Amino acid sequence: LMRQRRYHRILIYNHLIKENYSNLNMSLQGQGIEPRYPGVSFEDYWAVQINDRDTNVQNFISLVKNYQQAHVNYVVETSYFDPYSFITEKTLQPFLAKQTIVPLCQKNYCKHLNYYEFNVDYLNTSFDKAENNERFELALALNPDPIDPDPAYNQSIALKLPEIALQKLSHELELLRSRVG
């Protein structure tokens, strides 16, 4: 489920179509390609969402049927070419929906997920270190039909992510303080 049109998303979308992944429920709303549910146009959907303070919560609720009808979610984050990574609702929502994910994201994104205790051990993650121009194709080729053996584990981690992040950041801050002296 991709909303904004970005270069890497267009590349990935076109690759999925070319490789006959056309049975997927894909969206690229910035190009007028809508998800199956909730079955409204991009403009109508966001006209309602923009008036609500918790747009990510409302977004998840309105899209939950998309998550329920898929056994795997190919996650395409906001950024792909940047040297850093960050976890957004695009990753968290599939975890909350107990989906298996295949991240088509920045370099070392799986490493980043493992750092925050998200389990992606069911994947062949050797694609994680690949260069930008080959990483998403390698992720798809190495993981043709991934199944997460324990999706409830990732859901519990997603719910505890703020607490885990604070613990990790607190630890890193203490290390930095000890080095500065």
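Scroll up a little and you will see the structure.
Starting afresh in each chain, residues are numbered from 1 along the sequence in its written order. Reporting in this predicted model follows two pLDDT cut-offs: at least 70 for local features of residues, and 80 or more for side-chain atom pairs to be given and counted; totals over whole chains, interfaces and linings ignore these cut-offs and use all residues. The basis for every side-chain value is the complete set of heavy atoms in the structure, and neither hydrogens nor water enter the calculation.

**Points about the packing of helix α1 (residues 7-18) against helix α6 (residues 132-142)**
For clarity, the threshold we go by: To define axes, lines are fitted to C-alpha atoms, for helices over the stretch in contact only, and angles between the resulting N-to-C directions are given on a 0 to 180 degree scale. Put simply, DSSP marks the helices as runs of H or I at least four residues long and the strands as runs of E at least two long, and each gets a number from the N terminus on. In this scheme the crossing of two helices becomes right-handed for a clockwise turn of the near helix relative to the far one and left-handed for an anticlockwise turn of less than a right angle. Contacts are assigned to residue pairs with any non-hydrogen atoms lying within 4.5 Å of each other. Each residue gets one label: Ala, Val, Leu, Ile, Met, Phe, Trp, Tyr, Cys and Pro are nonpolar, Asp, Glu, Lys and Arg are charged, and the others, such as Gly, are polar.
Their axes nearest at 10 Å, the elements α1 and α6 cross at an angle of 35 degrees. As α1 runs across α6, the sense of the crossing is right-handed. Judged by residue contacts, L11, I12, H15 and L16 of α1 engage F136, E137 and L140 from α6. Taken together, the residues that form the contact of α1 with α6 break down as five nonpolar, one polar and one charged.

**Digging into the side chain of K90**
By the secondary structure assignment, K90 is in helix α4 (residues 89-96). Excluding residues within four positions of it along the chain, K90 makes contact with R9, V75, V76, E77 and T78.

**Observations concerning the nonpolar core**
Stated formally: To qualify as a nonpolar core, a set must consist of buried Ala, Val, Leu, Ile, Met, Phe, Trp, Tyr and Cys residues joined through side-chain atoms within 4.5 Å. Residue exposure (1.4 Å probe, protein chains only): buried if accessible area is under 20% of the type maximum, exposed if over 50%, otherwise partly exposed.
By size, the foremost hydrophobic cluster in this structure holds 33 residues, and its most contacted members are Y74, V102, L104, L113, F118 and L140. The element best represented in this core is helix α7 (residues 151-180), accounting for five residues. If we skip the residues at most four places from it in the chain, F118 touches I87, L92, F95, L113, N154, I157, A158 and L161.

**Description of a nonpolar patch on the surface**
What counts here: To count toward a patch, a residue needs a relative accessible area over 30% and no salt bridge; like charges are then connected within 9 Å, while nonpolar side chains (Val, Leu, Ile, Met, Phe, Trp, Tyr) are connected within 5 Å. Each accessible area is a Shrake-Rupley result for a 1.4 Å probe, and residues are judged covered by the shown protein chains and nothing else. By definition here, a salt bridge exists when the distance from a side-chain nitrogen of Lys or Arg to a carboxyl oxygen of Asp or Glu is within 4 Å.
A cluster of nonpolar side chains, contributed by Y7, L11 and F81, occupies part of the molecular surface with about 310 Å² of accessible area. Here Y7 shows up in helix α1.

**Quick notes on α1**
For clarity, the threshold we go by: Expected helix span is given by 1.5 Å per residue-to-residue step, counting one fewer step than there are residues. As used here, the arc belongs to the directions running from the helix axis to the C-beta atoms.
The first and last C-alpha atoms of α1 sit 17 Å apart over 12 residues, in line with the 16 Å expected at 1.5 Å per residue. Restricting attention to buried positions, one finds in α1 the residues H8, R9, I12, Y13, H15 and L16. On an axial view of α1, the arc spanned by its buried residues comes to 165 degrees, and they lie on one face. In α1, the exposed positions angled more than 90 degrees off the buried face are occupied by Y7 and K18.

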